[in-house]
Structure formats: C-alpha cells, structure tokens
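# Residue-level structural notes
Here is what each chain is made of, one letter per residue.
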Amino acid sequence: MSPMKSITVTFISLAFAAGVCAQDLTEWVKQTPVKPDASKLKVPQGYTASVFVEGLSTPSAATVDRDGNVWVAISGNLFGGPDAELMDPPHVKVFNKSGKLIKEIGKGTFKTVLNELSYCADNGKTYIPEYGERIWEIDGVSGQLKVIIKDLQNGDHRNGGITCKDGYVYFALGQPSNEGFADPDNLGWTDIPNDPFWLKHPDGLGTTPHDAPCRDIVHTGLNVRTSDGRYTGAYMPAGVAAKPGQVVKATVPCHGSIMRVKMTDKGADGIYPHEKMEVYAMGFRNQSGVEFGPKGGRFANALAVSDNGMNDLGHRRIANGAEKIWIVTEKGQDAGFPDKEGMNFVTNKRFGWKAYTGAVYERPYPHLYIGDKPFVPKSSPYTGNLHNAGVRGVPKIIANPNPNGYINPALEWDTNSPIDGIAWSAKGFGADNQLFAAVYGILTGPDSLEPTWPYVLKVEFLEPFGIKWSHFVGNIEPGGNAYQKPENRGGMERPNDVVFSPDGKTMYIVDYGAVHMNFNMAQPFYPVAKSGVIWAVTHN
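Computed from a predicted model, the values in this text were never measured in an experiment. (Residues numbered from 1 in each chain as written. Predicted model: local features only at pLDDT ≥ 70, side-chain atom pairs only at ≥ 80, totals over all residues. Heavy atoms only, no water.)

### Notes on the side chain of Arg-260
Operational definition: Strands here are runs of E lasting at least two residues and helices are runs of H or I lasting at least four, both read from the DSSP assignment and numbered beginning at the N terminus. Two N or O atoms form a polar contact when they lie within 3.5 Å of each other; inside protein one atom must be a possible hydrogen donor and the other a possible acceptor, and for residues adjacent in sequence the pair counts only when both atoms belong to side chains. Contact definition: two residues touch when any of their heavy atoms are within 4.5 Å.
Turning to its location among the elements, Arg-260 is positioned in strand β17 (residues 257–262). There is a polar contact of 2.9 Å between the side chain of Arg-260 and the side chain of Tyr-170. A polar atom in the side chain of Arg-260 sits 2.4 Å from the side chain of Glu-278. With near-sequence residues (within four places) excluded, Arg-260 lies in contact with Tyr-168, Val-169, Tyr-170, Lys-276, Met-277, Glu-278, Tyr-280 and Lys-331.

### Here we look at unusual backbone geometry
Omega for the peptide link from Phe-337 to Pro-338 comes to 10°, which places this bond in the cis form. Along the polypeptide, Pro-338 turns up in the loop between β22 (333–334) and β23 (340–341). Each neighbour pair has its own omega, and for Glu-463 with Pro-464 the value is 0°, a cis peptide bond. By secondary structure assignment, the location of Pro-464 is in the loop between β30 (455–461) and β31 (467–475). Positive phi, close to 60°, is recorded for Asp-151, a residue that is not glycine.

### A word on the state of the cysteines
Filter applied, for reference: The criterion for a disulfide is a pair of cysteine sulfur atoms lying within 2.5 Å. Relative accessibility thresholds used throughout: buried, under 20% of the residue-type maximum; exposed, over 50%; partly exposed, between the two (1.4 Å probe, protein chains only).
Counted according to the given criterion, the structure contains two disulfides. Paired through a disulfide, Cys-120 and Cys-164 show a sulfur-sulfur distance of 2.0 Å. With the S-S dihedral at roughly 95°, the linkage between Cys-120 and Cys-164 falls on the right-handed side. Of this pair, Cys-120 sits in strand β7 (residues 118–120) while Cys-164 sits in strand β11 (residues 159–165), placing them 44 residues apart in sequence. In this structure Cys-120 comes out as buried when scored by relative accessible area, which is 1%. Judged by relative accessible area, Cys-164 falls into the buried class, the value being 14%. A sulfur-sulfur distance of 2.0 Å marks the disulfide that ties Cys-214 to Cys-254.

### What about the confidence of the model for the protein?
What counts is decided by this rule: The score called pLDDT rates the predictor's confidence residue by residue, from a low of 0 to a high of 100.
Mean pLDDT over the protein works out to 92, with 94% of the residues at or above the 70 mark. A low-confidence stretch, residues 1–23 stays under pLDDT 50, and its non-local contacts, those more than four residues away or across chains, total 119 contacts.

### Some thoughts on the sheet that holds strand β14 (residues 222–225)
Inclusion rule: When DSSP finds two or more bridges between a pair of strands, those strands are recorded as paired.
Read across the open sheet, the four strands follow the order β15-β14-β25-β26; overall the sheet is antiparallel. The sheet is open, and its two borders are formed by β15 (231–233) and β26 (373–374), each paired with just one other strand. In this sheet, strand β25 (residues 368–370) lies alongside β14 in antiparallel orientation, the contact comprising three bridges. Among the inter-strand pairings, Leu-222 is bridged to a residue of β25, identified as Ile-370.

### Some thoughts on the sheet that holds strand β8 (residues 125–130)
Our working definition: Lines fitted to C-alpha atoms define the axes, with helix axes restricted to the stretch in contact, and inter-axis angles between N-to-C directions lie between 0 and 180 degrees.
The strand order across the open sheet built from four strands is β7-β8-β9-β10, with neighbouring strands paired in antiparallel fashion. Looking along the sheet, the strands with just one partner apiece sit at the ends: β7 and β10 (146–149). Direction aside, the axes of adjacent strands within the sheet are offset by 35° on average. For β8 and strand β9 (residues 134–138), the ladder comprises five bridges, and the chain directions are antiparallel. Looking at the pairing, Tyr-127 lines up with Glu-137 of β9.

### A few points about the pattern of salt bridges
The condition is simple: For this document, the term salt bridge refers to a Lys or Arg side-chain nitrogen within 4 Å of an Asp or Glu carboxyl oxygen.
Taken as a whole, this structure holds 23 salt bridges when the rule is applied. Glu-104 is the partner of Lys-107 in a salt bridge, and the nearest nitrogen-oxygen pair spans 3.2 Å. According to the relative accessible area criterion, Lys-107 is partly exposed, its value standing at 37%. On the basis of relative accessibility, which here comes to 34%, the residue Glu-104 falls in the partly exposed class. Here Glu-412 and Arg-350 are joined by a salt bridge, their closest N and O atoms 3.4 Å apart. With Glu-412 in strand β27 (residues 411–413) and Arg-350 in the loop between β24 (344–345) and β25, this residue pair connects regions lying 62 residues apart in the sequence. Taking relative accessible area as the criterion, Glu-412 reaches 24% and is therefore assigned partly exposed. Because the salt bridges share partners, they merge into one network encompassing Asp-88, Lys-93, Glu-104 and Lys-107.

Laid out in structure tokens, this is it:
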C-alpha cells in the first residue's frame, strides 16, 4: 500500500500493479473475514495481547491523544473488488480507552486515501495527511478540520508520515518516481497535466509530474527512451531529455524528503506557505513512519524514518531494493536516492539484474542513453572466475556526490515487504528507548523462501554500537493469517502501524486486514471488508 501507507502500504504506490494483467481470466472468490483471536498471536513473556477493536475496513494508521482516545485512519478502498460497496470512504474513527466509537471525522470531506496521522502533544492537535492532496489539522475530538498544507505533488509516492517537535511540524514527501525517472512505459501518472506542485514551482521544464531535488545536482545526462520514441531524463518530465553536465536546481519543498515548518509560520489563510518550509533530511524514496525518540531519552533528537525501497521495473531496473529504517541525527543528512539504495550505490552488482559481457546488442539496459548516445557499460579490467564473468550494476544519475556524505540505514528488510508505521517505546512498556515497526508484507513479488510478514519488529540500539532486531509480535507460523493452518487462524493479516498509549504501557497495532491476491485479475488486489483489527499488547 505500499495500501496502505506505502500501500502502503503505502496504497497509491502499489496501484501501478493494476496494469499487470490485460484482462480478467477468472472471477473473484468471495472472502469471509476470520474472527480475530489474540491467542493466535505470539508475544514475549510478560506481555498480553488482546483485541481492542475488530470489524474495520481498511484501517491504515492510528494515533493516541492525551486522553487516551485512539484515532484510526480508515484509508478507503483503493483496489475495488467484490467488497467495495461494503466499505466506507476515507475518514477517521475515534475510539475511547474502552474501544467504544465516539466520533467519525471527515466522511465526505477527504477525497483520497489516508495513510498516516499523528497526534502532537506539544499543541494538542492531530495532523491528518490526505495522500497526494493536502494535510489537515484538527484541535481535539470536537475541533474542526482545517487544511494547513496544500499543492502537493502527483506521482507514485506522495506525502507520508508526519510528526512534531520543538515548535516544528515535520512531514514526509515521497519521490514521484520509482527510481528517478518519470517513465511513461512504467507508470500512468507521468503525463498528468497541471501537477499542482509544478504549477506552484515552475522550473521551465513543464508541469507534468517529475522528481524535484533537494540540492542542486549536476546531471550525468542519463535518459530513457520509451516505446513511443521519447527521451526522458531523470528529474525531467516525461519527454524531456537531460544533457550531460546539466544543472537541476533545488526546489523547496522537495521530494524524497523530510520537510519541516515552524508552527508559527501559517499565513493569514491558515496555510503554511511553501517558501517557509525547509529541508530537514533528504534522499529517501517512499517514507511512511516518521518519529522522534522519547523526550528526555538518548534518542530525543533521533528521527526514525521507514522507507520503501525501489522496485525492479522500468528501464533503469534496480534489483533487490530493500525496505529500510533510517535514523536521522542532524539536519541536512542525505540517504542518497536515486543513486544509493540502502547501504550501497546502485552501481553495486547486487542491484544489476543481468550480467553484461561486452556485446553492444546484449547490453542489459537497451533503453538507457547518455544524452542521445546508447549507454554501454564498460567491462571491468579484472577477469575473475567464469561464473563471475561480465559486469552488473546500474548507472548513476547524479554526477556531483553530496559533499557532506551520506547516511546508511539502521536496518534493511526483505525486498517488497514494506515496513510502514513505527513507534518508540518509553517508560512503562518494559523496553525503553526501543523502536517498534509494523511489517505489512508482500503484495507484489518476488516472494522470499520464507514469508517475512506479518510482524511487529523490535529494534534495540546497543552500547557502544550496533542494533539487535527481533520478532516482537507475530503469527504462529510465518505469513499472514489467511495462509495459516486452520487451527492457527485468527492472528494478524497486514500490520500497518504501531502506536503507544500515553502511559506507555499499551501498544496498539493497526492491522489493515485481509488482502486477497489474484494476479489473473486486471486489478489483482481485493481488500476484504470488516477484516481489519486494532490489536492491543500490554506489558504485564
């Protein structure tokens, strides 16, 4: 989703898969929600799992206010399917501490899916990003929804997580592209006219969606030539070629970033002007979770960011991109997109999907050009064993590396198994200053030998260096509830967010619910109505 946030998982970002099949080859088999059973969850000794709320459709995120009310974002059905008419449009449900529904907010107001929301203890307000549209603010359960940020970009990844700290609102803006290109052979958004972001920030290149860099970059001149004969450069709109040495100027706000703006910088219309925003961190792709550590602790100034890695598609194909958790420790840090994927630059052989042995007509990227000259990899002067013959890797887009260097992720996870919502534990949970992350799981292949979902991961930060991660909550066997043996069914399907109660003793897990997959269908994902659950895990 990535439905859900990224889909998120995180929703719009996975919508590209709708075009996988040309026609329906079968009809959907109607799915029935499984009754949630907390005894089917594996939790560590000293903790108890329970069902807080069940029977939800497409819950995507949650936050908890100072009174202990649990606000749940209902994303809305992006994918269609036989349950579409059973699902409510995007809105927010508010439950009290006992799980009683006390209010519904935004029905008929929100126009696109909701992937995130966040309560800010500093000012008592709740922030609700509407994916790819705008960001809303509401002052308490009885408050009125107000738009505070607008004119955000179109594309495959849009606005993500949001949080606050020391008088600033921090929010994530994803990259419109998968790996740097508005590639019309890959995605359907590349020729959308009058992108509101580019109408507001004219760069002289056009107003169809394209990536906006956070710093001035010097271009290698890397282009793709698409099936309709157009050349498209990285950071350019579809059909606009790049030249070697071309300078692409930074834009504020920019994409693949964590932006921030002072809470006091609203305009007279209640909107935060783009020119008042500043880049806090950059070089991400599709950020979901954005959370600072607990106040007063060693991670108070550490911003954790979950980030969905590149997909192996398009003309600049990058294989084996990982899902990641980053820890940003100071303003201006760069994670390296589009030329760095996690720990390594994409020139690393890990990311090349095919070896090249020297023949021009066999080059692995036949639609890549430097300017208007075909890109032909240079074979390494080193010749190793036969099974290592040839070169792999993906060409760079940026000719001027960041002079301040790059950060590496704290954790890399399985390819296409998104890590979405994250939360730091504070006193009361028996695991202080540790990070917890919801693993939504595979929607598009390739599948791994062992399912790496659904889990809530616990990430511990060691002294003097390093991390240790472990499965904190999971099902009896690997894989979603729908794939368990009959006697083990009743557990988690698609955990998409984690959040803590004000006293820190209870973790709430947002379980998006069952997503039935059938790649013989034109739209291969079918969310099952009323299968979403909010689980509670309490420290005894």
